[in-house]
Structures are given as C-alpha cells and as structure tokens.
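Architecture and fold: a report
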Amino acid sequence: MDGFEESDPISASDAGNSEERLFTPGPRGPGEISEKELAIQRANEEFAKAAAHAEQQDQEMALMRRGMKKLAMEDVPPEMICPISNDLMKDPVICADGHTYEREAIQKWIRRKASSPMTNQRLQEPVQLIPNHALRSLISNFVDSKGGWGALVDQ
C-alpha cells in the first residue's frame with residue numbers, strides 16, 4: 001500500500017495539485033467569507049485577546065511595583081531592599097561579592113558587566129548566585145504581616 005486510501009480526497013496522482021485546491025475559494029454568496037478568511041479572522045481575534053491579556057498583566061505588574069516602592073519608602077527594613085532595583089526582594093540571592101540582590105536584577109547586571117554593583121570589583125565567572133533562604137523567610141514574614149503581596153497594591 002502506498003499510504004493513500006481510496007477514501008482520501010487526494011490521490012497520489014494529484015497530490016502535487018493539493019495546495020492549489022485547498023486555497024481556491026469556492027462560490028460564495030454575498031456576505032459569506034471563505035474558510036481561510038474565517039481562520040484568519042479567528043486567529044486575529046485570539047491574538048487580540050492575548051495582547052489584551054499581556055497588557056493587563058503589564059498594568060498589574062506596574063501597580064505592584066508602585067506599591068512595593070511606596071512600601072519601600074515607608075517602613076521596609078533596608079536589608080530587604082535590593083540595592084540595584086530599590087524594590088522589596090522576592091527572590092534574594094547572595095552574590096560572590098557577599099552582598100544580597102534580587103535574582104532578576106543581579107542577573108541583568110551581570111549580563112551587562114561582570115563586576116560587583118556594590119564594590120565595582122570584577123566578579124569571577126561563572127558568577128555563582130546562592131539563594132538567601134534566611135532573608136527570604138524574613139521578607140515573607142514581613143510581607144505577611146502587611147497583608148501579603150496583594151495588599152502592597154492597595155497601599
């Protein structure tokens with residue numbers, strides 16, 4: 001058997017013409033759209049939904065950052081603030097220079113230049129980042145005492 005069944009709409013002899021047949025619009029009445037046009041329309045609608053969702057997430061993140069900065073200005077212990085981003089840390093890591101930073105902030109810093117943000121000394125590559133579990137626990141307790149991460153937006 002050559003892989004084609006008798007019930008297949010395309011036989012081996014006309015397989016080369018299949019692309020042409022698939023995209024040739026059939027007769028349509030006024031106001032009707034082809035399957036291809038309908039598929040494009042659906043794809044555009046899905047894209048618009050995804051874009052709106054991404055924009056909503058960006059807005060929520062901006063609100064959260066503003067809330068964290070406001071909280072940072074008021075009563076957050078300075079040890080919980082990342083010296084690079086000036087935000088309350090969520091994922092604190094200890095760098096080779098002995099200082100603690102927010103993981104995302106120090107990773108971006110290291111990609112730009114392999115030196116300590118605090119001392120400007122060159123960091124030996126590859127730079128090891130060690131999770132600061134003790135500080136993360138303190139931050140978690142502090143945030144919980146303030147009503148949780150979600151409450152930061154309401155302040």
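Residues numbered from 1 in each chain as written. Predicted model: local features only at pLDDT ≥ 70, side-chain atom pairs only at ≥ 80, totals over all residues. Heavy atoms only, no water.

Per the secondary structure count, the chain includes 5 helices and 3 strands. In sequence order, the secondary structure elements of the chain are arranged as α-α-β-β-α-β-α-α. Per-residue burial over the chain gives 25% buried out of 155 residues. Taken as a whole, the chain presents about 11300 Å² of accessible surface, with 52% of it coming from carbon and sulfur. (Helix = DSSP H or I, 4+ residues; strand = E, 2+ residues; numbered from the N terminus. Buried < 20%, exposed > 50% of the residue type's maximum accessible area, 1.4 Å probe, protein only. Areas by Shrake-Rupley, 256 points an atom, 1.4 Å probe, with all protein chains shown as cover.)

Here H133 is to be found in helix α4 (residues 133-145). By relative accessible area, H133 is classed as exposed at 55%. Separated by 42 residues in the primary sequence, H133 and D91 place their C-alpha atoms 8.8 Å from one another.

Here the focus is the pattern of salt bridges. One pass over the structure, following the stated rule, counts 6 salt bridges. Two residues, D91 and R103, come together in a salt bridge whose shortest N-O distance is 2.7 Å. Here D91 is found in the loop between α2 (35-74) and β1 (92-94), whereas its partner R103 is found in helix α3 (residues 103-112), with 12 residues between them in sequence. Classification of R103 as partly exposed rests on a relative accessible area of 23%. With a closest N to O distance of 2.5 Å, R136 and D91 form a salt bridge. Remark: D91 occurs in the loop between α2 and β1 and R136 occurs in helix α4; sequence separation between them is 45 residues. A relative accessible area of 33% places R136 in the partly exposed class. Connected through shared salt-bridge partners, D91, R103 and R136 make up one network. (Salt bridge = Lys/Arg side-chain N within 4 Å of Asp/Glu carboxyl O.)

In this model, the chain carries a mean pLDDT of 79, and residues with pLDDT of at least 70 account for 71%. Here residues 3-8 is modelled with pLDDT under 50, and outside its nearest four sequence neighbours on either side it reaches 4 contacts, counting other chains as well. Under a pLDDT of 50 for its full length, residues 15-21 has, in the predicted model, 5 contacts with residues more than four places off or in other chains. (pLDDT = per-residue confidence, 0-100. Contact = heavy atoms within 4.5 Å.)

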